[in-house]
Amino acid sequence: MTQIASELLIERLADWGVDTVFGLPGDGINGIMEGLRRQSGRVRFFLVHHEEAAAFMATAYAKATGKLGVCLATSGPGAIHLLNGLYDAKLDHVPVLAITGMQETSVLGTGYQQEVHTDRLFADLAEYNLVVDNPAQLPGVVDIAIRTALSRRGVAHLTFPNDVQVADANADPYAHVAPARPPATAPVWLPPPGQARMADLEAAAQVLNDGEKVAILAGAGALHAREQVLAIADKLAAPVIKSLPGKAVIPDDSEFAVGGIGLLGTKPGEELVEDCDTLFMIGTNFPYTQHLPQPGKVRVVQIEADPTRAGVRMPTEVPVVGDAKESLQALLPLLTRKSDRGHLEKYAKAMAKWRSDMQDLENPKRSPVAPQYPMGVIDDLATDNAILTCDSGTIATWAARHWTIRGDRQFYLSGNLATMAPGLPYAIGIQHAFPGRQVIAYVGDGGFAMLMAEFLTAVRSGLPIKVVVNNNNSLGQILWEQMVLGYPEHGVRFPAPVADFAAWATACGGYGAKVSEAKKVRGALEQALAFDGPALVDIDVDPNEPPLPGKVQYDQAKKFAQAFLKGQPHKAAIATTLFKDKIEQLRR
């Protein structure tokens, strides 16, 4: 049987260690599907129900494993559907290869059915972006695309016209008029040296040693450097703030952990930003500059893998370019251990109070169900190596504050894109990568409804993910954002009936439980976690529970009050909920 170009493509992916391609077939990629069929013993095609989910799965696979994620979509509309999930990869800096189809070369430019020039469509998105229009380009451009995605930690895109997909793999139909031939390449990638320059580390050490009240802000770039971050924090007696994508950098019960900053952060975290005299940023490009120290108020040291991101948020006195783990390891012996632990002890005490306040809000006696309570129960029941995925919205607030990193637990969400709907496909992609670990998706009703067909994907693929729907029958985050701007809510609550997603889970062949009373939450979650297969618990929670910032600013409170005065339609219920929250915190 003559080898076709698509078969050579899939062979090369396998040579790179790719074992899974997430995607959806279509007539624009039938040739590539044939290549996958021929190489099915080396590369699995993972069939999804929506291309957006395929891109999310590839992104989650890359985030959780550190390996290349790969997704596939047909020409035109299928390729368009990939974009949201791929922008998630781009903005969170993870390596993903997207493969798409295109109309055959003889009709390009004629307005043929579904003709979309995907190379132009992906121009803002991809670090490497190519129409493969000659089989002789293979496998060289595959190697270059993958090396680019890994090196630049972003998206590479290859699009194949239909006729090229099924052409003879050895075809080279055009005359060579330049003094060149297709390059001979290899499926090899070497990561750049990780340790920063010693001169930069010495300068960083001088600033950090001089600091009296040092704070560390650690992000996703330090997830692999837990031991080193803890050692540095110990030497500097420095509390550690974690960005939300970097939540698993250090355990939440560590004496150094003060949670996050920003709208989803903690009160101690916000106060630390205002109180420190030196800020050490490690592996983070935290975008919410309003929640960072005022420029000029603190001295700043930053370790950043990408030189273009060093100093992009704060004027950085010592920008250090390098891998967080290797650079911190080299920095550690240059630091002088601080004997005064008062700064650290102050925030350890503040965090103990904060954790107590959060536990008070996990009240099982509240009706309607307080959304903090189910998240607290999940935290209690989950294993010490569980992986939690999360959608964007109010659920991210509850996860940030009530999901505790301990042991080998991990946490993944859409960081910089903060898109809706990744929680479910993230869980599927990660469960596929780690079949022996407990994977829980914590999602809102709005996000789940967007890609709920992928629960059927989990059932059909035999992936025992657990899904918990925080069902407030609204777009909760947008509701509160409108009020914080001083506007009464509008267009954010869904009309009756409240969805019963448990019925969908059961219809798919999984476990489903619908819960509207707090007393039934724990039992339903226990059964779901024990179920041998995909399980879903749909919990009706209080729609009027506001995800208040850890430290409410005067302007935020003022705008909130203005929304009430302008005719907020649910102000009585919201006020009652706020009163209940305060009562719970005052009980101790």
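Note: the structure precedes this text.
Procedures and definitions
- Along each chain, the written sequence defines residue order, and numbers are assigned to residues from 1.
- For a predicted model such as this one, the threshold for reporting local features is a pLDDT of at least 70, and the threshold for listing and counting side-chain atom pairs is 80 or more; totals across whole chains, interfaces and linings nevertheless cover every residue.
- Where side-chain values are given, they derive from all heavy atoms of the structure, hydrogens and water being excluded.
- Strand pairing follows a simple DSSP-based rule, namely that at least 2 bridges must link the two strands.
- Put simply, DSSP marks the helices as runs of H or I at least four residues long and the strands as runs of E at least two long, and each gets a number from the N terminus on.
- To define axes, lines are fitted to C-alpha atoms, for helices over the stretch in contact only, and angles between the resulting N-to-C directions are given on a 0 to 180 degree scale.
- We call two residues in contact whenever any of their non-hydrogen atoms come within 4.5 Å of each other.
- Definition of a polar contact: a pair of N or O atoms within 3.5 Å, with one able to donate and the other able to accept a hydrogen when the atoms are protein atoms, and with sequence-neighbouring residues admitted only if both atoms are side-chain atoms.
- Each nonpolar core is a collection of buried residues, namely Ala, Val, Leu, Ile, Met, Phe, Trp, Tyr and Cys, held together in the definition by side-chain atoms within 4.5 Å.
- Burial status follows relative accessibility: with a 1.4 Å probe on protein chains alone, a residue under 20% of its type maximum counts as buried, one over 50% as exposed, and anything between as partly exposed.

Novice: Could you give an account of the sheet that holds strand 6 (residues 155–161), naming the residues involved and the relevant values?
Specialist: Pairing within the open sheet is parallel, and its six strands lie in the order 2-1-3-4-6-5. Bordering the open sheet on either side are strand 2 (44–47) and strand 5 (126–131), each of which pairs with just one other strand. Across the sheet, the mean angle from the axis of one strand to that of its neighbour is 20°, orientation sign disregarded. Pairing of strand 3 (residues 69–73) with strand 4 (residues 96–102) involves five bridges; the strand directions are parallel. Residue pairing for strand 4: glycine 69 is matched across the bridge by valine 96. This element, helix 2 (residues 30–38), spans strand 1 (20–23), strand 2, strand 3, strand 4 and strand 6 of the sheet and lies at about 135° to strand 3.

Novice: Hey, could you go over the environment of aspartate 88 for me, with residue numbers and the actual values?
Specialist: Tracing the backbone shows aspartate 88 in helix 5 (residues 83–92). Remark: the alpha-carbon pair of aspartate 88 and threonine 419, spanning 331 residues in sequence, is separated by 7.6 Å. Apart from the residues within four sequence positions on either side, aspartate 88 is in contact with Phe56, Thr59, Lys63, Ser414, Gly415, Leu417 and Tyr426. At a separation of 2.4 Å, a polar atom in the side chain of aspartate 88 contacts the side chain of tyrosine 426.

Novice: How would you summarise the sheet that holds strand 13 (residues 410–413) if you had to cite specific residues and measurements?
Specialist: With parallel pairing, six strands are arranged side by side in an open sheet as 13-12-14-15-17-16. Strands at the two margins of the open sheet, each flanked by one partner only, are strand 13 and strand 16 (511–515). The average undirected angle you get between the axes of adjacent strands in this sheet is 15°. Helix-sheet contacts for helix 14 (residues 372–381) involve strand 12 (387–390), strand 14 (439–444), strand 15 (466–471) and strand 17 (535–540), and the interaxial angle to strand 14 is about 175°. Taken strand by strand, helix 21 (residues 521–530) contacts strand 14, strand 15, strand 16 and strand 17, and its axis lies near 170° from that of strand 16.

Novice: With reference to specific residues and values, describe the nonpolar core.
Specialist: The nonpolar side chains of soluble globular proteins are, as a tendency, buried together. In this structure, Cys71, Leu86, Ile428, Phe448, Val467 and Leu536 are the most contacted members of the largest nonpolar core, which totals 52 residues. Ranked by residues supplied to this core, first place goes to helix 3 (residues 51–65) with ten residues. Contacts of valine 467, omitting those with residues within four sequence positions, involve Leu424, Ala441, Val443, Phe448, Phe455, Ala535, Leu536 and Val537. Core analysis: the second largest hydrophobic core is formed by 35 residues, Ala400, Ala528, Ala535 and Ile539 among them.

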